[in-house]
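Residue-level structural notes
Read off the chains here:
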Amino acid sequence: MGASDFSKLPHIGESLRRKEDYRFLTGAGQYTDDVQMANMTHAYFVRSPHAHAHIKSIDIKAALAAPGVIGIFDGKDVAGDSINGLPCGWLINRYQRPTDERTRSPHLGPRQGALCRRPRRHGGG
Amino acid sequence: MQTHLTVNGKSVTVEAAPNTLLVQALREHLHLTGTHVGCDTAQCGACTVIVNGDAVKSCNMLLAQAADAQITTIEGLAKPDGTMHPMQAAFKECHGLQCGFCTPGMVLSAVDLCKKHPNASEQEIREQLEGNLCRCTGYQNIVKAVQHGAAAMKS
């Protein structure tokens, strides 16, 4: 098909009316944060603030004691359950990101662990 | 703690902890999830609602501060029969939204702006909407929508 033939296709060069606008404009859109389900928990991913740093240890004691925290999972837990690395959403064959190499953070901001807690906020935190 | 307020014309009483933010009360207690939390730090304006006739960032206000106030959220802007407010219609008409996340706050800020400054110039609209961020960066059409909405609100 030559370039000029595209003009004959339906909707080419035409303004289309969006079907989703009404719900977005009236507050009826449903985003991830709007979903509320029974016994729902929230996960936070904690990332390393340092690139290529050696992880000597991760101390979760204080975080685990915080009100509402259900569990904290780091690379060791993930490896123990044979979950493997977290898959990347895009096709990058060269490298699958480890959840936590335990000894080294390969990039700035790999996921060092997930923290699950019940109420989303307590005391504004 | 009990707080009484009027939300979208309905009288409601919310039972919540004293440190509950207005946005939390709206979203988590009243399930009005059209008001969004974008930044939680009063920068993005996605949580904007109308409190006693003024556009306010509801993540920066305690529920207790809204006691006995008249609140309008995005859910309360259209007519009960579903007909959109002229500003909502203008946003649709001018393609003033893409992902729609900033839209509720953007529309309510625009309504407040055009009520107070019905003849706002393009420059004034841009300045007045400084507190509402659109991460799709659709500002060009948002400004166009506000201009159309302002004209429609006058007629």
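Keep in mind that what you see is a predicted model, and the values were worked out from it rather than measured.

1. Description of the overall build of chain A
Along its length, chain A carries three helices and three strands. Going residue by residue from the N terminus, the α and β elements of chain A occur as α-β-α-β-α-β. Per-residue burial over chain A gives 26% buried out of 125 residues. Nonlocal contacts in chain A, meaning residues at least 24 apart in sequence, comprise 71% of its contacts between residues at least 6 apart. In the form shown here, chain A has an accessible surface area of approximately 9300 Å², with 57% of it arising from carbon and sulfur atoms.

2. Considering the overall build of chain B
In terms of helices and strands, chain B carries five helices and five strands. When the helices and strands of chain B are read in sequence order from the N terminus, they spell out β-β-α-β-β-β-α-α-α-α. Taking 155 residues into account, the globule formula puts the C-alpha radius of gyration at 15 Å, and chain B, at 15 Å, falls close to it. Overall size of chain B, expressed as C-alpha extent along the three principal axes, is 45 × 30 × 25 Å. Taken over 155 residues, chain B has a buried fraction of 48%. Long-range pairs, those at least 24 residues apart, make up 57% of the contacts in chain B between residues at least 6 apart in sequence. Summed over all atoms, the accessible surface of chain B reaches about 7200 Å², with 49% contributed by carbon and sulfur. Separation of charge centres in chain B, based on 11 positive and 13 negative side chains, amounts to 7 Å.

3. Describing the pairing of strand E3 (residues 48-51) of chain B
Residue and element names in this part refer to chain B. Burial along E3 is two-sided: Thr 48 and Ile 50 and Val 49 and Val 51, pointing in opposite directions, are all buried. Examined bridge by bridge, E3 and strand E4 (residues 54-57) share four bridges and lie antiparallel to one another. What sits directly across from Val 51, in E4, is Asp 54. Hairpin connection, E3 to E4: the antiparallel pair is bridged by two residues, and Asn 52 has positive phi, about 45°.

4. Here's the deal with helix H1 (residues 22-29) of chain B
All names here are of chain B. For H1, a buried count of six out of eight residues is recorded, marking the element as mostly surrounded by other parts of the structure. Here H1 has its buried residues at Leu 22, Val 23, Gln 24, Ala 25, Leu 26 and Arg 27. Looking at the residues trailing H1, positive phi occurs at His 31, about 60°.

Here is what the cut-offs are and how they apply
Residues numbered from 1 in each chain as written. Chains lettered and ligands numbered in written order. Predicted model: local features only at pLDDT ≥ 70, side-chain atom pairs only at ≥ 80, totals over all residues. Heavy atoms only, no water. Helix = DSSP H or I, 4+ residues; strand = E, 2+ residues; numbered from the N terminus. Buried < 20%, exposed > 50% of the residue type's maximum accessible area, 1.4 Å probe, protein only. Contact = heavy atoms within 4.5 Å. Areas by Shrake-Rupley, 256 points an atom, 1.4 Å probe, with all protein chains shown as cover. Rg over C-alpha atoms; globule rule 2.2 N^0.38 Å. Lys, Arg positive; Asp, Glu negative; His and termini not counted. Charge placed at Lys NZ, Arg CZ, Asp CG, Glu CD. Pairing = 2+ DSSP bridges.

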